[in-house]
Amino acid sequence: MATAKKKERERKPLHLAKLHVHKGDNVLVLAGKDKGKRGVVQRTMPRDNKVVVDGLNIAKKHVRARAGVPAGIIEKPMPLHASNVMVICTECGEPTRIAHDRVPMGADQKLRVRRICKRCGKAIEEHTRG
Ligand SMILES: [Zn+2]
């Protein structure tokens with residue numbers, strides 16, 4: 001792989017950085033070399049509109065030996081654009097678009113956002129926080 005020059009990144013301000021995909025979601029990849037594959041979201045990068053899916057979009061990186069780290073090739077999942085993945089509903093098991101719904105939740109009954117499956121209309125289960 002050629003050494004890619006760092007692109008001028010378009011980063012969203014924090015208050016606008018929201019994704020339909022959350023960490024721990026099962027997703028279907030819609031584009032790229034792993035098109036059609038499914039995986040679990042390992043990390044989200046909301047300000048860059050990107051997600052890292054475990055075991056997908058792997059890049060082989062050659063690393064030099066450093067103190068405590070031997071030289072070799074490491075396989076690293078690269079971030080995918082969030083628009084190229086589709087959340088798989090935890091209720092019906094199908095890839096779906098997402099709706100957002102505000103419902104009072106918790107002890108304080110504060111309005112919190114829930115993600116709704118556009119196919120079956122049920123709320124999508126959240127996995128891990130953060
Ligand atoms: Zn569903």
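Residues numbered from 1 in each chain as written. Predicted model: local features only at pLDDT ≥ 70, side-chain atom pairs only at ≥ 80, totals over all residues. Heavy atoms only, no water.

A word on the coordination of the zinc ion. Note on the zinc ion: its protein donors are Cys89 (SG), Cys92 (SG), Cys117 (SG) and Cys120 (SG). The metal-donor distances range over 2.2 to 2.3 Å. Around the zinc ion sit four donor atoms; with metal-centred angles ranging over 104 to 116 degrees, the donor geometry is tetrahedral. For the zinc ion, the donor residues sit on a single chain with the sequence spacing C-x2-C-x24-C-x2-C. Here the residue cysteine 92 occupies a position in the loop between β7 (85-88) and β8 (95-96), and cysteine 120 occupies one in the segment after β10 (110-117), the gap between them amounting to 28 residues. For cysteine 120, a relative accessible area of 32% translates into the label partly exposed. (Donors = N, O, S within 2.8 Å, 3.2 Å for Na, K, Ca; no water. Tetrahedral: all angles 85-135°; square planar, octahedral: opposite > 155°, others 65-115°. Helix = DSSP H or I, 4+ residues; strand = E, 2+ residues; numbered from the N terminus. Buried < 20%, exposed > 50% of the residue type's maximum accessible area, 1.4 Å probe, protein only.)

A word on the nonpolar core. Formed by 16 residues in total, the largest nonpolar core has its most connected members in Val21, Val27, Val51, Val53, Leu80, Val85 and Ile124. At the level of elements, β1 (26-29), β3 (50-53) and β7 are the ones that each hand at least two residues to this core. Two domains each put at least three residues into this core: domain 1 (14-88) and domain 2 (96-124). Those residues in contact with valine 51, other than ones at most four positions away along the chain, are Leu19, Val21, Val41, Arg43, Thr44, Met78, Pro79, Leu80, Ala82 and Val85. (Core = buried A, V, L, I, M, F, W, Y, C linked by side-chain atoms within 4.5 Å. Domains from an automatic or database assignment. Contact = heavy atoms within 4.5 Å.)

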